[in-house]
Amino acid sequence: MVSTVAKAVSLLETLGADISELGLAELAGRVGFDKTTTRRLLISLIECGLVEQDERSRCYRLGAGISRLALLREAQFPFLRTATPTVERLAQETGETVHLSEYSSRGLVSVHVVESTKANRVSVPVGMILPLHATASGIALLAFARKKLRDAVAEGPFPAFTRHTVSAPEELSKLIEAARARGYSTSTQGFEEGVFSVAAPILGVDGIAIGALAIATPQVRIRKGDIERHGAAVAAGASEIGEHLFGLLPSSAHAAAQPQRARARI
């Protein structure tokens with residue numbers, strides 16, 4: 001049985017997706033609840049300031065309380081504020097889309113994106129849950145995750161997003177080992193056709209990944225040497241973010257693309 005809190009979170013996530021406002025019937029249909037339950041949850045969320053209802057359209061949207069909670073969280077753990085300059089610099093240097101993700105109990109979530117200015121570019125929506133088995137960010141995270149999480153992902157299932165998506169534990173294990181050895185991961189069309197990505201984990205003080213930094217590029221634009229250059233760039237960027245967050249030195253657990261990364265406590 002889905003808890004009341006989980007249902008409320010589902011409503012918030014749906015309202016935070018691609019459509020800014022939704023009516024009661026459409027919102028209930030999207031989350032799979034009956035209209036009575038949906039209305040009851042919305043009333044509670046409105047009272048908390050997490051949802052607002054437009055007086056004219058009667059549609060619902062996220063409330064200002066969401067921003068307040070985000071600011072409180074950022075004040076306690078300034079992940080986004082600390083990482084944003086690195087993300088923006090990498091996007092400018094590479095000319096490609098760079099995105100930052102953070103891991104929580106709900107999965108690996110895209111929290112900041114700077115898209116390429118080129119006409120042919122990769123788009124990554126903020127708030128997207130990135131599948132661990134199908135993205136460079138997910139594989140980078142798994143390479144430096146706790147064994148319990150790796151084992152859980154290895155048990156499957158492995159939803160297929162493209163014909164190139166990882167489909168077996170053995171295949172995933174090889175990608176994880178390669179990422180752990182070099183300090184960054186790669187993914188070729190695993191989540192979206194025609195997209196190539198590299199990513200590096202952002203490590204905490206215990207050597208466990210708390211998120212990932214990635215560069216996503218249209219595959220047709222990849223040239224000789226780009227993989228290594230982009231890999232080195234995200235590894236250095238992820239190391240920089242970790243250093244700023246936790247005061248780590250380059251020679252410590254967060255030294256990107258260096259042999260000692262493979263010895264991080266996992």
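Structure: above.
Here, residues in each chain are numbered from 1, in the same order as that chain's written sequence. Residue-level local features of this predicted model are given only where pLDDT is at least 70; pairs of side-chain atoms are given and counted only at 80 or more, and the full residue set underlies all totals for whole chains, interfaces and linings. Side-chain metrics in this entry use all non-hydrogen atoms of the structure; hydrogen atoms and water are not considered.

Engineer: Help me understand the sheet that holds strand β3 (residues 97-104) in this model?
Structural biologist: The strand order across the open sheet formed by six strands is β5-β4-β3-β8-β7-β6, and the pairing between neighbours is antiparallel. In this open sheet, the two edge strands, each paired with only one partner strand, are β5 (129-130) and β6 (185-188). Two strands make a pair as long as DSSP finds a minimum of two bridges between them. Secondary structure elements follow DSSP: runs of H or I no shorter than four residues count as helices, runs of E no shorter than two count as strands, and numbering proceeds from the N terminus. Where β3 meets strand β8 (residues 209-218), six bridges bridge the pair, whose relative direction is antiparallel. The residue of β8 that forms the bridge with threonine 97 is alanine 216.

Engineer: What is the right way to look at the nonpolar core in this model?
Structural biologist: In summary, soluble globular proteins display a tendency toward joint burial of nonpolar side chains. Throughout this description, the term nonpolar core refers to a set of buried Ala, Val, Leu, Ile, Met, Phe, Trp, Tyr and Cys residues connected via side-chain atoms within 4.5 Å. For every residue, the accessible area obtained with a 1.4 Å probe (protein chains only) is divided by the maximum for its type, and the residue is called buried under 20%, exposed over 50%, and partly exposed between those limits. In terms of nonpolar packing, the biggest core is built from 21 residues, with Val98, Leu100, Leu213, Val234 and Ile241 touching the most fellow members. Contributing elements (two or more residues each) for this core: α5 (79-94), β3, β7 (195-203), β8 and α9 (226-246). Per-element tally for this core: the top contributor is α9, with six residues. Of all hydrophobic cores here, the second largest spans 18 residues; its members include Leu130, Ile139, Ala143 and Phe144.

Engineer: Can you walk me through the packing of aromatic side chains in this structure?
Structural biologist: Any two aromatic rings considered together are summarised by their centre-to-centre distance and by the angle between their planes. Two rings from Phe, Tyr or Trp (for Trp, the six-membered ring) form a pair when their centres are within 6.5 Å of each other. A pair whose planes differ by under 30 degrees is stacked, one over 60 is edge-to-face, and the rest are tilted. Taken as a whole and assessed by the stated rule, the structure comprises one aromatic pair. Ring centres of phenylalanine 161 and phenylalanine 191 lie 4.8 Å apart, and the angle between their planes is 75°; on these two criteria the pair is classed as edge-to-face. A residue pair is termed long-range when its members are at least 10 positions apart, and phenylalanine 161 in the loop between α7 (147-154) and α8 (169-182) and phenylalanine 191 in the loop between β6 and β7 qualify at 30 residues. For the cation-ring pair, lysine 7 lies above phenylalanine 33, with the distance from its terminal atom to the ring centre recorded as 5.7 Å. When the ring centre of tyrosine 184 is taken as origin, the NZ or CZ atom of arginine 182, which lies over that ring, is 5.1 Å away. Note on criteria: charge over ring means Lys NZ or Arg CZ within 6 Å of the ring centre, with the direction from the centre no more than 35 degrees off the ring normal.

Engineer: Could you clarify how one ought to interpret α5 in this entry?
Structural biologist: In an α-helix, one full turn covers 3.6 residues, which means residues spaced three or four apart are oriented alike. Under the 1.5 Å per step criterion, the end-to-end length of α5 is 22 Å for 16 residues, consistent within 8% with the ideal 22 Å. Each residue is assigned a bend, namely the angle between axes fitted to the seven residues that terminate at it and the seven residues that start at it. The largest bend in α5 amounts to roughly 25° and is located at proline 85. Listed as buried for α5 are Phe79, Thr82, Ala83, Thr84, Thr86, Val87, Leu90, Ala91 and Thr94. Contact between two residues is taken to exist if any of their heavy atoms lie within 4.5 Å; hydrogens are not considered. Buried residues along α5 sit against α4 (64-76), β3, β4 (107-114), β7, β8 and α9. At the C-terminal side of α5, glycine 95 shows a positive phi close to 75°. Here the expected span of a helix is defined as 1.5 Å times the quantity of residues minus one.

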